[in-house]
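Architecture at a glance
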Amino acid sequence: MFKDIRDSLSRTRRSVFGQIVNVLGMGEIDDETWEDLEALLIQADMGIATTMDLIETLHKRVDTEGMHSSDQLLQALKEEMRGILTDSPDFQLEESRQLTVVMVVGVNGSGKTTSIGKLAHYYTKLNRKVIIAAGDTFRAAAIDQLRIWSERADVPLIAGQPGGDPAAVAYDGIRASRARGYDLLFIDTAGRLHTKFNLMLELEKVYGVCRKSVHAAPHEVLLVLDAPTGQNALTQAEKFKESVNVTGVVLAKLDSTSKGGMVFPIYRELGLPVRFIGTGEGLEDLAPFDADLFIDSLFEA
Ligand code: GDP
């Protein structure tokens with residue numbers, strides 16, 4: 001049903017991990033091997049800290065395990081990379097309860113609207129009764145865009161007036177879900193970071209309404225990150241984490257970048273699991289994140 005993660009990673013594989021396989025594919029480990037490996041990991045947007053850590057761990061393993069050939073090093077690299085993608089807590093979105101409330105946050109342009117539409121479609125196909133609340137009231141266009149996606153996904157949209165109170169829209173969404181028997185509510189939120197508008201305060205208000213209105217809500221707070229923006233996205237993520245309890249990441253546009261290495265600092269530096277990846281602009285271009293498949297897809301020929 002959904003596009004294979006392998007297709008989406010073809011750029012990352014071609015530009016970076018394919019080269020790693022070439023560098024480590026033959027011969028003995030020497031200084032050049034280490035230099036090339038380090039440069040390529042940084043190029044893949046693994047981030048300096050994660051790259052340095054990996055290199056250090058691999059150096060130790062080469063010494064203690066007496067590795068000589070670079071194909072052994074390649075194997076060790078894959079193992080260490082897999083190790084970074086630690087087991088995630090249970091994904092609350094998939095637990096059964098009367099009403100699951102999910103806040104979706106992220107800066108404008110990250111792919112938030114598109115991701116909400118895809119998620120609505122994905123869970124509808126899994127027989128959930130999905131509803132969306134248009135909590136980005138700042139721009140009329142945001143509500144219109146979300147309406148288009150809700151129609152594509154064939155789920156109802158609860159929206160207020162442009163300029164209205166997003167916390168009130170969240171509340172209306174919760175009320176409508178209960179009254180009409182929907183069990184999965186996605187709440188869209190505003191996403192402008194660099195204006196006078198106090199985004200974080202607004203997110204806290206929406207978060208507060210969820211907490212007060214539904215037991216243990218919001219059950220997930222998904223942060224949509226724009227994969228092509230690399231390290232910038234990680235900096236933004238830190239800001240969101242300061243104001244709301246972000247529980248997971250949707251990594252959008254993984255198909256349009258070679259920066260697939262970003263997944264690693266998301267786990268290691270942000271301490272967040274990646275739950276879904278965006279694999280294109282269509283309704284079905286979303287894939288649940290699978291760590292084993294991800295590692296295999298990065299390195300396969
Ligand atoms: P928002 O402002 O965060 O709501 O962002 P949008 O959902 O409007 O998306 C911004 C742009 O990114 C649009 O042109 C989308 O088609 C595009 N986009 C979103 N997700 C993906 C994806 O997974 N892959 C690709 N290639 N494009 C995407």
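Residues numbered from 1 in each chain as written. Predicted model: local features only at pLDDT ≥ 70, side-chain atom pairs only at ≥ 80, totals over all residues. Heavy atoms only, no water.

What about the site of the ligand?
Close to the ligand lie 15 residues; Gly109, Thr113, Thr114, Asp255 and Glu281 are nearest. Contact distances for the ligand include 2.8 Å between an oxygen atom and a backbone N or O atom of Lys112. Interatomic distance of 2.6 Å between a side-chain N/O atom of Glu281 and an oxygen atom of the ligand. Across the complex, the protein chains shield 77% of the 580 Å² of accessible surface that the ligand would expose by itself. The element best represented in the shell around the ligand is helix α6 (residues 112-125), accounting for four residues. (Near = heavy atom within 4 Å. Polar contact = N/O pair within 3.5 Å; in protein donor to acceptor, adjacent residues only side chain to side chain. Areas by Shrake-Rupley, 256 points an atom, 1.4 Å probe, with all protein chains shown as cover. Helix = DSSP H or I, 4+ residues; strand = E, 2+ residues; numbered from the N terminus.)

Description of unusual backbone geometry
Ala217 connects to Pro218 through a cis peptide bond whose omega is -10°. With respect to the secondary-structure elements, Pro218 resides in the loop between α9 (199-213) and β5 (220-226). Unlike most non-glycine residues, Asn127 shows phi in positive territory, near 65°. Among the structural elements, Asn127 can be located in the loop between α6 and β2 (130-133). A relative accessible area of 70% means that Asn127 is categorised as exposed. You will see that Lys253, though not glycine, has its phi angle at about 65°, which is positive. One can find Lys253 in the loop between β6 (248-252) and α11 (263-268). When its relative accessible area of 28% is taken as the criterion, Lys253 is described as partly exposed. (Buried < 20%, exposed > 50% of the residue type's maximum accessible area, 1.4 Å probe, protein only.)

Digging into the side chain of Arg61
With respect to the helices and strands, the residue Arg61 is situated in helix α4 (residues 48-64). Ignoring anything within four residues of it in the chain, the contact list for Arg61 reads Gly66, Met67, Ala76, Glu79 and Glu80. (Contact = heavy atoms within 4.5 Å.)

Section: the nonpolar core
Within the largest apolar cluster, 80 residues are counted, with the highest numbers of intra-cluster contacts made by Ile20, Leu37, Leu77, Met81, Leu251, Ile266 and Phe294. No other element matches α9, which puts seven residues into this core. With sequence-adjacent residues up to four places away left out, Ile20 is seen in contact with Leu37, Leu40, Leu41, Leu74, Leu77 and Phe299. Counting 27 residues, the second-largest nonpolar core is a separate cluster that includes Leu119, Ile143, Val224 and Leu283. (Core = buried A, V, L, I, M, F, W, Y, C linked by side-chain atoms within 4.5 Å.)

Digging into the pairing of strand β1 (residues 100-105)
Looking along a regular strand, one sees the side chains alternate between the two faces of the sheet. In terms of burial, β1 is a largely internal element, six of the six residues being buried. In this sheet, strand β4 (residues 184-188) lies alongside β1 in parallel orientation, the contact comprising five bridges. From the neighbouring strand, Val102 faces β4, where its bridge partner is Phe186. (Pairing = 2+ DSSP bridges.)

A look at the environment of Ala190
Here Ala190 shows up in the loop between β4 and α9. A sequence separation of 31 residues divides Ala190 from Ala159, and the C-alpha atoms of the two residues are 13 Å apart.

Considering α6
The terminal C-alpha atoms of α6, which comprises 14 residues, lie 20 Å apart, in line with the 20 Å expected from a rise of 1.5 Å per residue. By the criterion of burial, α6 is predominantly enclosed, with eleven of the 14 residues buried. All buried positions along α6 are accounted for by Lys112, Thr113, Ser115, Ile116, Gly117, Lys118, Leu119, Ala120, His121, Tyr122 and Tyr123. Looking one or two residues beyond α6, the residue adopting positive phi is Asn127, at roughly 65°. (Expected span 1.5 Å × (residues − 1).)

Section: the sheet that holds β4
Overall, mixed pairing links the eight strands, which are arranged β3-β2-β4-β1-β5-β6-β7-β8 in an open sheet. Looking at which strands have only one partner, the edges of the open sheet turn out to be β3 (157-158) and β8 (286-288). Pairing of β1 with β5 involves four bridges; the strand directions are parallel. The residue of β5 that forms the bridge with Val105 is Leu223. Its contacts with the sheet place α9 against β1, β4 and β5, and it is angled at close to 175° to β1. (Axes fitted to C-alpha atoms, helices over the stretch in contact; angles between N-to-C directions.)

Points about helix α12 (residues 291-299)
Regarding α12, the residues found buried are Ala291, Phe294, Ile295, Ser297, Leu298 and Phe299. For α12, the elements touching its buried residues are α1 (5-8), α2 (10-23), α5 (70-84) and α11. Where α12 begins, the side chain of Asp290 points an oxygen toward the backbone nitrogen of Asp292, at a separation of 3.0 Å.

So, the packing of aromatic side chains
One pass over the structure, following the stated rule, counts eight aromatic pairs. The interplanar angle of 75° and the centroid separation of 5.2 Å between the aromatic rings of Phe17 and Phe299 together place this pair among those described as edge-to-face. Highlighted residues: Phe17 in helix α2 and Phe299 in helix α12, separated in sequence by 282 residues. Neither Phe17 nor Phe299 differs from the other in exposure class; each is buried. Taken together, a centroid distance of 5.2 Å and an interplanar angle of 80° make the contact between Tyr122 and Phe276 edge-to-face. Here Tyr122 is found in helix α6, whereas its partner Phe276 is found in strand β7 (residues 274-278), with 154 residues between them in sequence. Among the aromatic residues, those joined into a ring-pair cluster are Phe91, Tyr122, Tyr123 and Phe276. The cationic tip of Lys129 hangs over the ring face of Tyr182; the distance from NZ or CZ to the ring centre is 4.6 Å. (Phe/Tyr/Trp six-rings, centres within 6.5 Å; stacked < 30°, edge-to-face > 60°. Lys NZ or Arg CZ within 6 Å of the ring centre and 35° of its normal.)

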